[in-house]
Amino acid sequence: TQALAHSYYSLGDYARALEQYQAVLAAEARSVEALRGYALSHMRLGHLERALELFDACLAKEPEHIEVHFWRAQTLFDLGRVEEALAEAQAT
C-alpha cells in the first residue's frame, strides 16, 4: 500500500520504499503522491536524473504541486544545474 511505502521512506529505507511505490504505481498509475514518493526515493538513492524525470511526470499530472516543485529545484541544484534550480524555486 501507499501508506507502507511512505512508512519505509520515513524510516529512511529508500530501497524498500522504492519497491513499494513501484508496486503501488503498478496498481494505480494515476497516484501523484505515489509517483512523488517514487521520485523522492530515487533522489535519496542518488538516481538524480531519474528523479528529475519522475518529478516532471508528477508535474504533468498536477502542475501546481508545490512540494514537487521544491524537490525538483533541489534535484536540479544537486545536479549542479544551479541556474535552473533557482528559476524553479523562484517560479513557485
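Residues numbered from 1 in each chain as written. Predicted model: local features only at pLDDT ≥ 70, side-chain atom pairs only at ≥ 80, totals over all residues. Heavy atoms only, no water.

What follows covers the overall build of the protein. Scanning the protein for helices and strands turns up 6 helices and 0 strands. Its helices and strands taken in sequence order, the protein reads α-α-α-α-α-α from the N to the C terminus. Taking 2.2 N^0.38 as the reference for a compact globule, 92 residues should give roughly 12 Å; the C-alpha atoms of the protein span a radius of gyration of 13 Å, in line with that estimate. Per-residue burial over the protein gives 41% buried out of 92 residues. Pairs at least 24 residues apart make up 38% of the contacts formed inside the protein by residues separated by at least 6 positions. If you sum the accessible surface of the protein, you get close to 5300 Å²; carbon and sulfur atoms cover 54% of it. Positive and negative charge centroids in the protein, built from 8 and 14 side chains respectively, lie 5 Å apart. (Helix = DSSP H or I, 4+ residues; strand = E, 2+ residues; numbered from the N terminus. Rg over C-alpha atoms; globule rule 2.2 N^0.38 Å. Buried < 20%, exposed > 50% of the residue type's maximum accessible area, 1.4 Å probe, protein only. Contact = heavy atoms within 4.5 Å. Areas by Shrake-Rupley, 256 points an atom, 1.4 Å probe, with all protein chains shown as cover. Lys, Arg positive; Asp, Glu negative; His and termini not counted. Charge placed at Lys NZ, Arg CZ, Asp CG, Glu CD.)

Once that is clear, we can look at helix H3 (residues 32–44). Spanning 13 residues, H3 covers 18 Å between terminal C-alpha atoms, matching the ideal 18 Å at 1.5 Å per step. Within H3, 11 of the 13 residues are buried, leaving the element largely enclosed by the surrounding structure. Turning to H3, its buried residues are Val32, Ala34, Leu35, Arg36, Gly37, Tyr38, Ala39, Leu40, Ser41, His42 and Met43. Looking at the buried side of H3, the elements it contacts are helix H1 (2–10), helix H2 (14–27), helix H4 (48–61) and helix H5 (66–78). Just downstream of H3, Gly46 is the residue with a positive phi angle, here 90°. (Expected span 1.5 Å × (residues − 1).)

Across the interface, H2 lies against H3 with an axial gap of 9 Å and an inter-helix angle of 150°. On the basis of the axis angle, H2 is roughly antiparallel to H3. Read as a crossing pair, H2 and H3 show a hand that is left-handed. Only Glu33, Ala34, Leu35, Gly37, Tyr38, Ser41, His42 and Arg44 of H3 make contact with H2, whose side of the interface consists of Tyr14, Ala17, Leu18, Tyr21, Gln22, Val24 and Leu25. Residues that form the contact of H2 with H3 fall into these classes: 9 nonpolar, 4 polar and 2 charged. (Axes fitted to C-alpha atoms, helices over the stretch in contact; angles between N-to-C directions. Parallel < 35°, antiparallel > 145°, perpendicular 65-115°, else oblique. Left-handed = near helix turned anticlockwise from the far one by under 90°. Nonpolar A, V, L, I, M, F, W, Y, C, P; charged D, E, K, R; others polar.)

This paragraph deals with the environment of Leu79. Along the polypeptide, Leu79 turns up in the loop between H5 and helix H6 (82–91). On the basis of relative accessible area, Leu79 is assigned to the partly exposed category, the value being 27%. Placed 31 residues apart in sequence, Leu79 and Leu48 show a C-alpha to C-alpha distance of 7.1 Å. Residues in contact with Leu79, not counting those within four places in the same chain, are Leu48, Glu49 and Leu52.

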